[in-house]
Amino acid sequence: MSIIMPVYNAEAFLGAALQSVLDQTETDWELWAVEDASLDLSDKILTEFQKQTSRIHLIKNEKNEGAAKSRNAALERAQGRWIAFLDADDIWAPDKLKRHLAFLTAQNAVFGATDYGVISQEGIQLARRIVPARSDFKKLLKGNPIGTSTVIIARDTLGDLRFPDLHRRQDYALWLKLTQRGVICHGLHAPLTQYRRRTGSLSDNRMRAALATWQVYSTLPEISRMRAFMAYGTYLIRTSLKHLGHVDH
């Protein structure tokens, strides 16, 4: 199992994320952490954790490259049969990897995600997000219910695909490209990850998310402009209903 973690200015939460990896009941893993030219103490924290185990590998970017390029750099070095993703401000339950791998094996699946909890910066539980039992390309075009830090995928299935160099939503773009190839994402209904919601302007975030989502749709290969517009319209409607409390994800 290879775990991919991009790190940028995450000193407040990085220790908890790394400790949640060390606490895993599944012990057959390697962690590739990519320090993306942080301006805080993230590098020092990574170095201290690296002293605890040889399973933590550190890549240092000379300049800030962004999450997509950082994840891709780690993917080029990953050796595990399975790839898992964990962002530097999120947390795994101790049995996350073991339970998720058992689920994928039982389903004979190569791509999976789980439910996840949403917590505040202070760790207060805010919500739970439910992943569909099965997500194909058509379903994912309507929106992205897959939390990146919940994902496990077989390295052979990922193949030559990498995160596109988008400022935001590069994870969504990758899941769409995977499912375009016929790969199904299987959902495990257990909140094995805690996603940390960082403070910021909700209105600004929504506008940026909307623009980023259009960029994802408009750059997908083998999709017509009309289908991209239809998918984007569905996304906008679902997002509006979500913030009004009428849909779960």
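Caption draft 1: Local environment of unusual backbone geometry. At N9, a residue that is not glycine, the phi angle is positive and equals roughly 50°. Mapping N9 onto the fold places it in the loop between strand 1 (2-7) and helix 1 (14-22). Using a relative accessible area of 25% as the deciding quantity, one classes N9 as partly exposed. Phi at N108 takes a positive value of approximately 55°, unusual for a residue other than glycine. Assignment of secondary structure puts N108 in the loop between helix 4 (96-107) and strand 6 (111-119).

Caption draft 2: Structural detail: the nonpolar core. In terms of nonpolar packing, the biggest core is built from 32 residues, with I4, F85, F111, I146, W175 and L178 touching the most fellow members. Mapped onto this core, the elements with two or more residues apiece are strand 2 (30-35), helix 3 (67-77), strand 4 (82-85), strand 6, helix 5 (137-140) and helix 7 (170-180). Element by element, the count of residues in this core is highest for helix 7, at six residues. Not counting residues up to four positions away in its chain, the partners in contact with I146 are F111, A113, L140, V151, W175 and C185. By size, the runner-up hydrophobic cluster in this structure holds 31 residues, among which are I45, L97, L104 and A154.

Criteria and thresholds
Residues numbered from 1 in each chain as written. Predicted model: local features only at pLDDT ≥ 70, side-chain atom pairs only at ≥ 80, totals over all residues. Heavy atoms only, no water. Helix = DSSP H or I, 4+ residues; strand = E, 2+ residues; numbered from the N terminus. Buried < 20%, exposed > 50% of the residue type's maximum accessible area, 1.4 Å probe, protein only. Core = buried A, V, L, I, M, F, W, Y, C linked by side-chain atoms within 4.5 Å. Contact = heavy atoms within 4.5 Å.

By themselves these figures say nothing about function.
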